[in-house]
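In case you want the letters, here they are:
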Amino acid sequence: MSRVLVVDDEEAFPRLLAALLEKSHTVDVAKGADDALHRLEAVAYDVVLTDLNMPPGPDGIELLRTARARGHEVPFIVLTGQASVETAVGAMREGAFDYLRKMASAEELRTAVKRAIEHGRMSREVQRLRGELAQARGVDRPVGDSPKMREVMALIDRVAPSDASVLVLGESGTGKELLARVTHRQSLRRDQPFVAFDCSALAPTLLESELFGHERGAFTGADRARLGLFREAQGGTLFLDEIGDIAPEVQNKLLRVLQERELKPVGGDTFVKIDVRIVAATNKDLRALVKSGRFREDLFYRLAVVPIELPPLRERVGDIPALVAHCLRRRKSAGPRPVDVTPEVLRRLAVYPWPGNIRELENVIERAAILSDGKLIHERDLPPLGHMGVPGSLDVVSSSAEALPAPSLEKPLKDQLLEVAQAVEKRAIVAALRAESGSPTRAARRLGISRASFYNKLKELEINV
């Protein structure tokens, strides 16, 4: 049975609606917008019937806006005692499914509710089919179930339905653009354009034109007008990769666009209103750039309303089996198609620090799959690994006298990989302490981690200093 939420600041009218609908629906009543939002968080409703005017609290349109901002996509029917064309158009522009007078007949009410419920069901079905299509194309969600990735995806699930700017931080090859696409796909802008751009690809003068557009004749070679990426992404999401590389003069103009939500094309005379959600990404330390004066502090805070840090692959080794399987499924090269790897291969992949992260793993698996002559990738098929000069690499592993945990048929492979990773971490920490004469501060600096993280590792791995 469908669930209907009726929102009104009075008591008599909701009781009347409940009596008209309760034979075919489960009806709940909320007294005002705040009560309605609380109920929407707890129950999946099929339709909301809300009064337009509910003084002294938020009105029905404000309730609709807030519900949409929080990711509730339930159809809204707005009710009012004084209908007018202006208020009806305004409600529909805000995303209401329908608009009814309170004096509408019982049949009109039931028909409107039925249509709204059917619309909601169709929307959910379309969303489900889109998800299946995206998954078939291999662009559904980042692969992995490690604790750090679960935290990242839980944050994305919460922030995606809002319009807040997102700043994705992480090393090269960790999948920042994929995370931006997931954010767009889970947002209310999913049906609008997603435009991605690498800010490091152009000189400052060309970057300004690429972002904001230009008029014909604005500069030498501008033989025709160009909309620019902001206007191409109108209503949708603009992904600005390598945002830390933009020049100061472009930073100034970008800040103004984000603040005023309008831009002036190069060579233009008038401002153009824009409605674009920004997701930016960088592999640089923007806070350090702010301190050094190379990145505007106010622009940083405008971009980093919700900062999300993607962990490097070396910090999520438990995800390597799933990532390898994903790489093998997505292979496009001709020739033999291995479907799995041997346990020895997974053990070797688990102890490598992956300075190139997932992008490097994909390349390694692609090469190994080409060299493999059967359905399994063997250790002999892997390219040389472990000569990157990075603490924790195979060079460090091989220099230690302590043996790694032996393979076991009794334990799950994922647990064995975690044990191997902890053993490698322990070796790297001990080697750094020895190299720095037992100083935890200098050892942490040598390994490139914070002192707090270093002490947490000492405690976790039971290393006495």
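Described below are features of the structure shown in this document. Note that the structure is predicted; figures quoted are calculated from it, not measured.

1. A few points about the sheet that holds strand E12 (residues 306-309)
Judged by pairing direction, the sheet is parallel, and its five strands sit side by side in the order E7-E8-E11-E6-E12 without closing on themselves. In the strand order of this sheet, the two ends are held by strand E7 (194-198) and E12, each with one partner. Between one strand axis and the next, the sheet turns through 15° on average, direction left out of account. Here four bridges tie strand E8 (residues 237-241) to strand E11 (residues 277-282), and the two strands are oriented parallel to one another. Its bridge partner being in E11, Phe239 is matched across the sheet by Val279.

2. Quick notes on the packing of aromatic side chains
How two aromatic rings sit relative to each other is set out by the distance from centre to centre and by the angle between their planes. What the rule picks out here adds up to four aromatic pairs. A centroid spacing of 5.8 Å and a plane angle of 25° characterise the contact between Phe212 and Phe230, whose relative ring orientation is stacked. Here Phe212 is found in helix H8 (residues 204-212), whereas its partner Phe230 is found in helix H9 (residues 229-232), with 18 residues between them in sequence. Note on accessibility: Phe212 and Phe230 belong to one class, buried. Ring geometry for Phe300 versus Tyr301: centroids 5.2 Å apart, planes at 70°, classification edge-to-face. Taking NZ or CZ as reference, Lys102 lies 4.8 Å from the ring centre of Phe13, over its face.

3. Here's the deal with the pattern of salt bridges
Within this structure, the stated rule accounts for 26 salt bridges. Taking the shortest distance from any N to any O, the salt bridge between Asp8 and Lys102 comes out at 3.4 Å. Residue Asp8 is found in strand E1 (residues 2-8), and its partner Lys102 is found in the loop between strand E5 (98-101) and helix H5 (106-136); the two are separated by 94 residues along the sequence. What makes Asp8 buried here is its relative accessible area of 2%. Ionic pairing is found between Glu210 and Arg226, a salt bridge with its closest N-O pair at 2.8 Å. Here Glu210 is found in helix H8, whereas its partner Arg226 is found in the loop between H8 and H9, with 16 residues between them in sequence. Look at Arg226 and you get partly exposed, because its relative accessible area is 27%. The structure contains a network of salt bridges with shared partners spanning Asp8, Asp51 and Lys102.

Cut-offs used in this document
- Residue positions are given per chain, counted from 1 along the sequence in the order it is written.
- Local features are withheld for residues below a pLDDT of 70 in this predicted model, meaning they are given only at 70 or higher, and side-chain atom pairs are given and counted only at 80 or more; totals for whole chains, interfaces and linings count all residues.
- Think of the side-chain values as coming from all heavy atoms in the structure, minus any hydrogens and water.
- Strands were regarded as paired on the criterion that DSSP finds at least two bridges between them.
- Runs of E in the DSSP output that reach at least two residues are strands. Runs of H or I that reach at least four are helices, and both are numbered from the N terminus.
- For helices, the fitted axis covers only the stretch in contact; all axes are lines through C-alpha atoms, and the angles between them, taken along N-to-C directions, range from 0 to 180 degrees.
- Only rings of Phe, Tyr and Trp enter the pairing, Trp through its six-membered ring, and a pair is recorded when the two centres are within 6.5 Å. The plane angle decides the type: under 30 degrees is stacked, over 60 is edge-to-face, the rest tilted.
- The buried label goes to any residue with under 20% of its type's maximum accessible area, the exposed label to any with over 50%, and the partly exposed label to all in between, with areas taken from a 1.4 Å probe on protein chains only.
- Over a ring means this: the NZ of a Lys or the CZ of an Arg is within 6 Å of the ring centre and within 35 degrees of the ring normal.
- Here, a salt bridge means any side-chain nitrogen of Lys or Arg that lies within 4 Å of a carboxyl oxygen of Asp or Glu.

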